[in-house]
Amino acid sequence: MHPLKDRGYQHPISSEITPREAWQSRRQWLQAAALAGTGLAGWTAREALAQPASPPGKLPRLAATRSGVAGAIVMDRPTAYEDITRYNNFYEFGTDKGDPNRLAGSLQTRPWTVSIEGAVHKPRSFGIDDLLKLAPLEDRIYRLRCVEGWSMVIPWVGYSLAQLLRQVEPTGNAKYVEFVTLANPAQMPGLRRGVLDWPYHEGLRLDEAMHPLTLLAFGLYGEVLPKQNGAPVRLVVPWKYGFKSAKSLVKIRLVEQQPVSSWTQAAPSEYGFYSNVNPQVDHPRWSQASERRIGEDGLFARKRPTLMFNGYEAQVGSLYAGMDLKKYY
Ligand code: MTE
């Protein structure tokens, strides 16, 4: 809020009277913003549907083809690689946004195995190279909305988690899927702090985990995942707040009871099991109605309205038919 308005002034002061050039450019901005609402500003459907973005040439390439999954390519301009890789939440490397970029170099991503166990007919451990070959890699462009109120648009490389889960044949008792990530104190300095109950763990209902949009991601921008983004393999659930998308997965467990995630354990009244993006359900300490798109911090940058299910309602709304989303937040 403007400091003068805080003191009760309602009239515009001279610096607030908008010069002509400014309102003209603001009108242009508003037109651009209206287009942005449709997701088409500066990023045409044709561009979005082509290769998502040119590889930055920093890490080994991961060849992939454009995903045919409904909703897998949003028409928003992808966030810059530099922002995606320097503004991170990966508490195993510290709680500041720049910590993972600075400190994740110590993460050993090979050899790496992911074990799948619990209520499955064929429990198995997969080496990372077997996982990479298990299904064709796809380019997908998803919005990522963090519970803290910021968002990004990330061109991922991966395939639907369902393709992996089918391999192990879940039994009739499998109702939920628990995800466990690496907790190695020798590689992860953040583990020394008890911010969360390590290892970081998360959960989904089986039908959510089997939804084609639920992605097992191995890369972004056409290259292998940078360590700070959850190398060598992570989950991405685009219609849920970002903390559901667990990084650096080591174990996937199919279970009968609803798992308790690290964040729910830490603050049950703030982070529920579902954590579907919902602009109508505020976090107890802040509104979730709008978001700041990382990279749009310029003079005319405005917060964007947050979309129900982060814009994936057409694809996933039916998973929650008849549920009270205020109760099951
Ligand atoms: N996974 C692990 N293992 N540890 C974490 O701290 N943070 C989560 C999620 N996955 C986190 C994690 C949160 S809060 C968000 S918003 C996303 O990762 C951020 O992913 P990004 O840094 O690739 O944007």
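Residues numbered from 1 in each chain as written. Predicted model: local features only at pLDDT ≥ 70, side-chain atom pairs only at ≥ 80, totals over all residues. Heavy atoms only, no water.

### Comments concerning the overall build of the chain
Thought 1: From N to C terminus, the chain includes 10 helices and 13 strands.
Thought 2: Within the span of the chain, comprising 329 residues, buried residues form 50% of the whole.
Thought 3: For the chain, long-range pairs separated by at least 24 residues make up 73% of all intrachain contacts whose partners lie at least 6 apart in sequence.
Thought 4: Summing over all exposed atoms, the chain offers an accessible surface of approximately 15700 Å²; the carbon and sulfur share of this is 53%. (Helix = DSSP H or I, 4+ residues; strand = E, 2+ residues; numbered from the N terminus. Buried < 20%, exposed > 50% of the residue type's maximum accessible area, 1.4 Å probe, protein only. Contact = heavy atoms within 4.5 Å. Areas by Shrake-Rupley, 256 points an atom, 1.4 Å probe, with all protein chains shown as cover.)

### A closer look at the environment of Ala-174
Thought 1: Counting through the fold element by element, Ala-174 comes out in the loop between helix H7 (161-168) and strand S6 (176-181).
Thought 2: Residue class for Ala-174 comes out buried when judged on its relative accessible area of 6%.
Thought 3: Along the backbone, Ala-174 and Arg-205 are 31 residues apart, and their C-alpha atoms lie at a distance of 9.2 Å.
Thought 4: Residues within four places of Ala-174 in sequence aside, it is in contact with Ala-119, Leu-206, Leu-254 and Val-255.

### Examining the packing of aromatic side chains
Think of a pair of aromatic rings as described by two things: how far the centres are apart, and how the planes are tilted against each other in angle.
Thought 1: Taken as a whole and assessed by the stated rule, the structure comprises 13 aromatic pairs.
Thought 2: Seen in terms of ring centroids, Phe-90 and Phe-93 are 4.9 Å apart; in terms of plane orientation they differ by 85 degrees. Their pairing is edge-to-face.
Thought 3: Residue class for Phe-93 comes out buried when judged on its relative accessible area of 1%.
Thought 4: On the numbers, 5.4 Å between centres and 75 degrees between planes, the contact of Phe-243 with Tyr-271 is edge-to-face. Separated by 28 residues along the polypeptide, Phe-243 in the loop between strand S10 (234-236) and strand S11 (249-255) and Tyr-271 in the loop between helix H9 (262-266) and strand S12 (290-293) bring together distant segments of the chain. (Phe/Tyr/Trp six-rings, centres within 6.5 Å; stacked < 30°, edge-to-face > 60°.)

### Thoughts on the pattern of salt bridges
Thought 1: The tally for this structure, following the rule as stated, stands at 18 salt bridges.
Thought 2: Residues Asp-76 and Arg-293 are paired through a salt bridge, measuring 3.2 Å at the closest nitrogen-oxygen approach. Residue Asp-76 is located in the loop between strand S1 (65-66) and helix H4 (81-86), and its partner Arg-293 is located in strand S12; the two are separated by 217 residues in the primary sequence.
Thought 3: The exposure class of Asp-76 is buried, given its relative accessible area of 6%.
Thought 4: Taking relative accessible area as the criterion, Arg-293 reaches 6% and is therefore assigned buried.
Thought 5: One salt bridge connects Glu-208 with Lys-240, and the closest N-O pair in it is separated by 2.8 Å. One end of the pair, Glu-208, is in helix H8 (residues 206-210); the other, Lys-240, is in the loop between S10 and S11, and 32 residues separate them in sequence. (Salt bridge = Lys/Arg side-chain N within 4 Å of Asp/Glu carboxyl O.)

### Here we look at the pairing of strand S2 (residues 113-118)
Thought 1: Summarising the sheet, S2 and strand S3 (residues 124-127) pair through four bridges and their orientation is antiparallel. The residue bridging Val-114 from the neighbouring strand is Phe-126, located in S3.
Thought 2: What sits between S2 and S3 in their antiparallel hairpin is a turn of five residues.
Thought 3: In this structure, S2 lies alongside S11, joined through four bridges in parallel fashion. Following the sheet pairing, Glu-117 is matched in S11 by Arg-253. (Pairing = 2+ DSSP bridges.)

### Observations concerning the confidence of the model for the chain
Thought 1: With 84% of its residues at a pLDDT of 70 or more, the chain shows a mean pLDDT of 88.
Thought 2: Mean pLDDT across the elements of the chain bottoms out in helix H1 (residues 3-6) (30) and peaks in S10 (99).
Thought 3: Low pLDDT, under 50, characterises residues 1-41; the stretch is placed with 22 contacts to residues that sit more than four places away or in other chains. (pLDDT = per-residue confidence, 0-100.)

### Regarding the side chain of Glu-223
Thought 1: Position of Glu-223 relative to the elements: it lies in strand S9 (residues 223-224).
Thought 2: Only 3.2 Å separates the side chain of Glu-223 from the backbone nitrogen of Lys-58, close enough to count as a polar contact.
Thought 3: Ignoring anything within four residues of it in the chain, the contact list for Glu-223 reads Pro-55, Pro-56, Gly-57, Lys-58, Leu-59, Pro-60, Arg-61, Leu-62, Tyr-81 and Phe-218. (Polar contact = N/O pair within 3.5 Å; in protein donor to acceptor, adjacent residues only side chain to side chain.)

### Observations concerning the site of the ligand
Thought 1: The local shell around the ligand holds 15 residues, among which Asn-88, Tyr-91, Glu-92, Arg-234 and Lys-247 are the closest.
Thought 2: In this structure, Tyr-91 approaches the ligand through a main-chain N or O atom, which is 2.8 Å from an oxygen atom.
Thought 3: Here an oxygen atom of the ligand sits 3.0 Å away from a polar atom, N or O, in the side chain of Asn-229.
Thought 4: Split by residue class, the shell around the ligand holds six nonpolar, six polar and three charged. (Near = heavy atom within 4 Å. Nonpolar A, V, L, I, M, F, W, Y, C, P; charged D, E, K, R; others polar.)

### Some details on H7
Thought 1: For H7, every residue scored as buried is listed here: Leu-161, Ala-162, Leu-164, Leu-165 and Val-168. Seen along its axis, H7 keeps its buried residues to an arc of 160 degrees; they face one direction. (Arc of directions from axis to C-beta.)

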